[in-house]
Amino acid sequence: MATSRPDRLPGHRGERFAVVDPATGEAFDDVPDQRPDELDAVVGRAHRAWLDWRADPVARTFALHAAADAVQAAGDALARLLTREQGKPLAESFAEIDRTAARLRYFAELTPVPQSIADGRPVHSEIRWRPLGPVAAIVPWNFPLQLAAAKFAPALAAGNTMVLKPSPFTPLATRLLGSVLAAALPENVLTVITGREPLGARLASHPGVRHVTFTGSVATGRAVAEGAAASLARVTLELGGNDAAILLEDVEVERIADRLFWAAFRNCGQVCMAVKRVYAPARLCAEVAEALAQRARTVVVGPGLDPDSRLGPVNNAPQLARVERCTAQALADGARAVAGGHRLDRPGYFFAPTILADAPPTSAVVTEEQFGPVLPVLAYRSVDEAVEAANGTGFGLGGSVWGTDLDRAEAVADRLECGTAWINHHAELSLAQPFAGAKDSGVGVAGGPWGLYGNLRPFVVHRPRKDRG
Ligand code: NAD
């Protein structure tokens, strides 16, 4: 059944591609397959809209609050469409929409602060902040709306305009969001485009774009940075992770098991900052694996629109194949599935929540980002060994340490090479904090005031002091 949404795309010639419901594996709608040769017109309109949008910060604040109101008013339709194409339980889609609105409100209230430079010279020097121009945003399929908002809220608040390209796996809710926001924002301030590659590659390298902000895998991030180099556009990359959770000797396993389980399995494990590896003291390893496995065996897995479902399907067929491949390889190499370990025998892209014990440290499920409902629990003999293993991949997004002695846990967390570390938690983020991956997990800083300044350039004015003429 097709969902009706506005389809007016100036200059588009009418080709479309199908969108699949991951709970059934069947196509249920389609969207315009825009071609790269449409980008000149789209970016040109974004540039012209920028000339007015950049001029009035007060109007921007009002418009962004109105945009947040519009998102919340459309919450029901947005949430249902998001669940249908992404697969996540409906309650999580509503939470994603709330965070989308919250981000708009947060950045609506942020303004850049001019700064004076006092360095003893006889001039008055002031840093003012200027927007960059049209920004290109490219986002993945795991949190289509929330990640888009993490890009457009700071970019628009800073006075830029944006061309936003969602993943071809999840274009529908973003298109609807685009039309909802169009009612609150001036024309062409935010343009949603949909299409398959090379649309993203050509957007990233378009000469009219002044900042490319990308969230996705490390490999695509590299390609985006190469593309943006052609026009020397600024690049912000929020890339993959392979976060480790280190459990210390004094951890109370039953007390933390729920939190740890959901830190790994929320959104079916398709979270850049999910716990993707657990390191437990050898003495506790079996107890930890069993506590997590109990939850994995009993959690209700089903279509996101079913109110009983706590875990939905994997979002798409290639991703499911990747999860299956990593798991099968670990099992072939000697890992044991304490829970799950296989695809579910039902239509759609469902994989049984899986806890693996004895996975070889070199297996892909440990060293790579498998990005699905699979969690290896690995034994360590010393904390130094655990920290070394946690830091031993190219990723550096987040990490966590779990134990009763908080000072000791914090001392271990301080040794993690990543952007954010938690004690007895994982992936809890504040809108006001900087979000930046270490190593291959990212370039640039998003979140909080850093996210606003990441969309501005300093403009410095020097003038003689009055007494020096
Ligand atoms: P992906 O890199 O395959 O795709 C991301 C986006 O890039 C999609 O819109 C895709 O269509 C587009 N794209 C593909 N090829 C492109 C190219 N050559 N040039 C420009 N754009 C191109 O990632 P995915 O599979 O959609 O998402 C999963 C990845 O995203 C995981 O690695 C996950 O960790 C990461 N992620 C990171 C964060 C973060 O904040 N660090 C958040 C969420 C997801």
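Model, not experiment: these values are computed from the prediction. (Residues numbered from 1 in each chain as written. Predicted model: local features only at pLDDT ≥ 70, side-chain atom pairs only at ≥ 80, totals over all residues. Heavy atoms only, no water.)

Asker: Tell me about the state of the cysteines, and name the residues and values.
Answerer: Inspection of the entire model under this criterion finds zero disulfides. Here C268 stays free of any disulfide, with the sulfur of C326 as its closest cysteine sulfur at 14 Å. A residue is classified by how much of its surface remains accessible, and C268, at 4% relative accessible area, is buried. Unpaired in this structure, C272 has its nearest cysteine sulfur neighbour in C418, at a distance of 13 Å. (Disulfide = S-S within 2.5 Å. Buried < 20%, exposed > 50% of the residue type's maximum accessible area, 1.4 Å probe, protein only.)

Asker: Could you give an account of the domain arrangement of the protein, with specific residues and numbers?
Answerer: By a widely used convention, the size of an interface equals the accessible area lost when the partners come together. Here the protein is partitioned into domain 1 (16-239 + 432-461) and domain 2 (243-423). Each of domain 1 and domain 2 was reduced to a C-alpha centroid, and the two centroids are 30 Å apart. Taken together, the two surfaces of domain 1 and domain 2 that pack against each other cover about 2,500 Å², and 57% of this comes from carbon and sulfur. Applying the counting rule to domain 1 against domain 2 returns one salt bridge. For K439, the salt bridge is made with E417, and the minimal N-O distance between the two is 3.5 Å. Across the contact surface, domain 1 and domain 2 share 14 residue pairs in polar contact (both at pLDDT 80 or more). Taken together, the elements giving at least two residues each to the side of domain 1 that touches domain 2 come down to α3 (75-86) and α4 (90-108). (Domains from an automatic or database assignment. Buried area = accessible area lost by both parts, 1.4 Å probe. Salt bridge = Lys/Arg side-chain N within 4 Å of Asp/Glu carboxyl O. Polar contact = N/O pair within 3.5 Å; in protein donor to acceptor, adjacent residues only side chain to side chain. Helix = DSSP H or I, 4+ residues; strand = E, 2+ residues; numbered from the N terminus.)

Asker: Could you give an account of the packing of aromatic side chains, with specific residues and numbers?
Answerer: If you walk through the whole model with that rule in mind, you get five aromatic pairs. Ring geometry for F261 against W262: centres 5.2 Å apart, planes inclined by 85°, an arrangement best described as edge-to-face. With relative accessibility at 1%, the residue F261 sits in the buried group. One aromatic cluster is present, built from ring pairs that chain together F261, W262 and F265. The ring of W50 is capped by R54, whose NZ or CZ atom sits 4.3 Å from the centre of that ring. Cation over ring: R84 sits above F28, and NZ or CZ is 4.3 Å from the ring centre. (Phe/Tyr/Trp six-rings, centres within 6.5 Å; stacked < 30°, edge-to-face > 60°. Lys NZ or Arg CZ within 6 Å of the ring centre and 35° of its normal.)

Asker: Go over the site of the ligand, please, and point to the residues and values.
Answerer: Taken together, 28 residues form the shell around the ligand, and within it V139, S217, T220, L239 and E369 come nearest. With respect to the ligand, the backbone of G216 contributes an N or O atom lying 3.5 Å from an oxygen atom. Interatomic distance of 2.6 Å between a backbone N/O atom of L239 and a nitrogen atom of the ligand. For the ligand, the protein covers 86% of the area, taking 850 Å² as the surface of the free molecule. Secondary-structure elements contributing two or more residues to the shell around the ligand are α7 (199-204), β8 (211-215) and α8 (218-229). Partitioning the shell around the ligand into residue classes produces 15 nonpolar, nine polar and four charged. Three or more residues apiece are contributed to the shell around the ligand by two domains, here domain 1 (16-239 + 432-461) and domain 2 (243-423). (Near = heavy atom within 4 Å. Areas by Shrake-Rupley, 256 points an atom, 1.4 Å probe, with all protein chains shown as cover. Nonpolar A, V, L, I, M, F, W, Y, C, P; charged D, E, K, R; others polar.)

Asker: Explain the pattern of salt bridges to me, and be specific about the residues and the numbers.
Answerer: Within the structure shown, the criterion is met by 21 salt bridges. The closest approach of N and O atoms between E254 and R295, which form a salt bridge, is 2.9 Å. Of the two residues, E254 sits in helix α9 (residues 253-265) while R295 sits in helix α10 (residues 285-298), which places them 41 residues apart along the sequence. For R295, a relative accessible area of 16% translates into the label buried. Between E369 and K276 there is a salt bridge; the shortest N-O distance is 3.2 Å. In this pair, E369 sits in the loop between α12 (364-367) and β14 (374-380) while K276 sits in strand β11 (residues 275-281), placing the two residues 93 residues apart along the sequence.

Asker: Describe the sheet that holds strand β5 (residues 134-138), naming the residues involved and giving the relevant values.
Answerer: The sheet built from six strands is open, its strands ordered β7-β6-β5-β8-β9-β17 with mixed pairing. Each edge of the sheet is formed by a strand with only one pairing partner; in this case those strands are β7 (190-192) and β17 (442-443). Pairing between β5 and β8: four bridges, direction parallel. Counterpart to I138 in the pairing with β8 is F214. Against the sheet, helix α1 (residues 39-53) contacts β5, β6 (161-165) and β7, and its axis sits at roughly 145° relative to β6. Taken strand by strand, helix α5 (residues 144-157) contacts β5, β6, β7, β8 and β9 (234-238), and its axis lies near 165° from that of β6. (Pairing = 2+ DSSP bridges. Contact = heavy atoms within 4.5 Å. Axes fitted to C-alpha atoms, helices over the stretch in contact; angles between N-to-C directions.)

Asker: Quick rundown of the environment of V19? Include the residues and the values.
Answerer: Tracing the backbone through its elements, the reader meets V19 in strand β1 (residues 16-21). Residue classification places V19 among the buried positions, given a relative accessible area of 1%. If near-sequence neighbours (up to four positions away) are discounted, V19 is found in contact with E26, A27, F28, D29, D30, V31, E85, F169, P171 and L172.

Asker: Describe a negative patch on the surface, naming the residues involved and giving the relevant values.
Answerer: There is a patch of like negative charges on the surface, built from D405, D407, E410 and D414. Looking at where E410 falls in the secondary structure, it is placed in helix α14 (residues 406-413). (Patch = residues over 30% accessible without salt bridge, like charges linked within 9 Å, V, L, I, M, F, W, Y side chains within 5 Å. Lys, Arg positive; Asp, Glu negative; His and termini not counted. Charge placed at Lys NZ, Arg CZ, Asp CG, Glu CD.)

Asker: How would you explain the pairing of β11 if you had to name every residue and give the values?
Answerer: Counting buried positions over the seven residues of β11 gives seven, a clear majority of the element. Pairing analysis gives four bridges linking strand β10 (residues 243-247) to β11, with the strands arranged parallel. Counted as the bridge partner of A245 is V278 from β11. The β-α-β motif built from β10, the intervening α9 and the parallel element β11 has right-handed crossover chirality. (Right-handed = clockwise from strand over helix to strand, strands pointing away.)

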